[in-house]
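# Examination of the molecular architecture
Chain residues, written in single-letter form:
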Amino acid sequence: MITSRTIFQKAGETVRKAAQWGVSLAALFLPRLLFAQTPCPDGRICNPIKFPNFISFALELVNVVIQYGALLIVVFIVFAGFKFVTAQGNSEKVSEAKKMLTWIIVGAFVLLGVYVIKAAICGTIEQLGVQDACKTTSQ
């Protein structure tokens with residue numbers, strides 16, 4: 001007999017496997033994001049990271065975190081909805097799903113705050129007259 005507990009266990013295993021795949025893919029593609037493809041001339045020490053300075057690297061990292069965070073928020077909202085549906089009126093499981101949804105919303109606001117703070121800092125720097133301070137262009 002399939003119970004809601006076995007459904008949750010299978011869903012938890014699926015989320016765990018998806019997270020493992022995400023980490024594996026990030027480990028595969030992160031070096032491509034970071035390291036340049038141009039060879040270094042003989043006798044010189046070159047920057048192995050494709051960004052010209054730390055600020056552009058940090059800005060690109062923040063952009064990637066915001067994009068992946070937004071994707072994770074959508075996935076976890078769907079998962080919380082799944083928990084609501086499979087609760088079937090059980091008050092303990094409904095309260096667990098509400099708690100999960102509450103923390104998802106808190107995480108979404110934190111992510112939105114990161115984006116707003118980044119935009120405010122970049123806007124202020126550009127108003128001060130520094131051109132291309134928040135551009136994430138590579139070398």
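Residues numbered from 1 in each chain as written. Predicted model: local features only at pLDDT ≥ 70, side-chain atom pairs only at ≥ 80, totals over all residues. Heavy atoms only, no water.

Quick look at the environment of V15 now. Mapping V15 onto the fold places it in helix α1 (residues 4-34). The spacing of V15 and F79 is 64 residues in sequence and 9.1 Å in space, taken between C-alpha atoms. Residue contacts for V15: discarding those within four places in its chain leaves F76 and F79. (Helix = DSSP H or I, 4+ residues; strand = E, 2+ residues; numbered from the N terminus. Contact = heavy atoms within 4.5 Å.)

This next bit is on the confidence of the model for the protein chain. Here the protein chain averages 79 in pLDDT, and 75% of its residues register 70 or above. Per-element averaging of pLDDT across the protein chain places α1 at the bottom with 66 and helix α3 (residues 91-127) at the top with 91. (pLDDT = per-residue confidence, 0-100.)

As a further point, take the packing of aromatic side chains. Taken as a whole, this structure holds one aromatic pair when the rule is applied. With a centroid separation of 6.4 Å and 20° between ring planes, the pair formed by F79 and F82 is classed as stacked. Separated by three residues within a single helix, F79 and F82 lie in helix α2 (residues 54-87), roughly one turn from each other. Given the relative accessible area of 16%, F79 is considered buried. Accessibility expressed as a relative area gives 33% for F82, which makes it partly exposed. (Phe/Tyr/Trp six-rings, centres within 6.5 Å; stacked < 30°, edge-to-face > 60°. Buried < 20%, exposed > 50% of the residue type's maximum accessible area, 1.4 Å probe, protein only.)

Before going further, it helps to spend a moment on the nonpolar core. Counting seven residues, the largest nonpolar core consists of I66, I73, F79, A80, M100, I104 and L111. Listed by contribution, the elements that provide at least two residues to this core are α2 and α3. Among the elements that make up this core, the one with the highest residue count is α2 (four residues). Discounting residues that sit within four places of it in the chain, I73 has contacts with I104, G107, A108 and L111. (Core = buried A, V, L, I, M, F, W, Y, C linked by side-chain atoms within 4.5 Å.)

Moving on, we get to the pattern of salt bridges. Evaluated as defined, the whole model comprises one salt bridge. The closest approach of N and O atoms between E96 and K83, which form a salt bridge, is 2.8 Å. Here E96, found in helix α3, pairs with K83, found in helix α2; they are 13 residues apart in sequence, far enough to count as distant. With a relative accessible area of 41%, E96 lands in the partly exposed category. The exposure class assigned to K83 is buried, which follows from its relative accessible area of 10%. (Salt bridge = Lys/Arg side-chain N within 4 Å of Asp/Glu carboxyl O.)

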